[in-house]
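Observations on chain architecture
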Amino acid sequence: MKGYQTLINNSQRITGGISEGSTMVLITFKDGQFRILFNSMDDTGKISHIWYTGNLTVGDEIKIKYQEITKAINPVQVVDYNNQK
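In this report, the structure presented in the accompanying data block is examined. (Residues numbered from 1 in each chain as written. Predicted model: local features only at pLDDT ≥ 70, side-chain atom pairs only at ≥ 80, totals over all residues. Heavy atoms only, no water.)

Let us look at a nonpolar patch on the surface. On the surface, Ile27, Phe29 and Phe34 cluster together into a nonpolar patch covering about 310 Å² of accessible area. Within the secondary structure layout, Phe34 lies in strand 4 (residues 33–42). Residue classification places Phe34 among the partly exposed positions, given a relative accessible area of 42%. (Patch = residues over 30% accessible without salt bridge, like charges linked within 9 Å, V, L, I, M, F, W, Y side chains within 5 Å. Areas by Shrake-Rupley, 256 points an atom, 1.4 Å probe, with all protein chains shown as cover. Salt bridge = Lys/Arg side-chain N within 4 Å of Asp/Glu carboxyl O. Helix = DSSP H or I, 4+ residues; strand = E, 2+ residues; numbered from the N terminus. Buried < 20%, exposed > 50% of the residue type's maximum accessible area, 1.4 Å probe, protein only.)

Right, dumping it as structure tokens:
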């Protein structure tokens, strides 16, 4: 399957992707804080696989590489929007 590898400050390496759906690395700015979200959404749009989320500070360096993923990767969190209350 295809996915991404992100490297934050040359020390924190995170790999993620899913076979059916979409994967994104999103950087946002809200309330004076930059944040990064690296996640995948399945093709139904109901299951989110979160690989990494965190705050960014001035000077942080982010490298993103598109690559083939050959082994299963466990996300740090899975959100099933079918079962939200």
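Our focus in this paragraph is the pairing of strand 4. For strand 3 (residues 21–30) and strand 4, the ladder comprises 10 bridges, and the chain directions are antiparallel. Paired with Thr23 across the two strands is Ser40, which belongs to strand 4. Where strand 4 hands over to strand 5 (residues 47–56), the hairpin turn is made up of 4 residues, of which Gly45 adopts a positive phi near 75°. (Pairing = 2+ DSSP bridges.)

Here the focus is the environment of Ile73. Examined against the element boundaries, Ile73 turns out to sit in the loop between strand 6 (62–68) and strand 7 (77–80). Considered as a pair, Ile73 and Asp31 are 42 residues apart in the sequence and their alpha carbons are 32 Å apart.

This paragraph deals with the sheet that holds strand 4. The antiparallel open sheet is built from 4 strands, whose spatial order is 3-4-5-7. Edge positions in the sheet fall to strand 3 and strand 7, since each has one partner strand and no second. Each adjacent strand pair in this sheet contributes to an overall mean axis angle of 25°, direction not counted. Inspection of the sheet shows strand 4 paired to strand 5 by 8 bridges, in the antiparallel sense. Note that in strand 5 the partner of Leu37 across the bridge is Thr53. (Axes fitted to C-alpha atoms, helices over the stretch in contact; angles between N-to-C directions.)

It is worth spelling out the pattern of salt bridges at this point. Under the definition given, this model contains 2 salt bridges. In this structure, Lys2 and Glu68 form a salt bridge, with 2.6 Å as the shortest nitrogen-oxygen distance. Residue Lys2 is found in strand 1 (residues 2–8), and its partner Glu68 is found in strand 6; the two are separated by 66 residues along the sequence. Judged by relative accessible area, Glu68 falls into the partly exposed class, the value being 44%. Measuring nitrogen to oxygen at the nearest pair gives 3.9 Å for the salt bridge that ties Lys63 to Glu61.

This is a description of form; function is not addressed.
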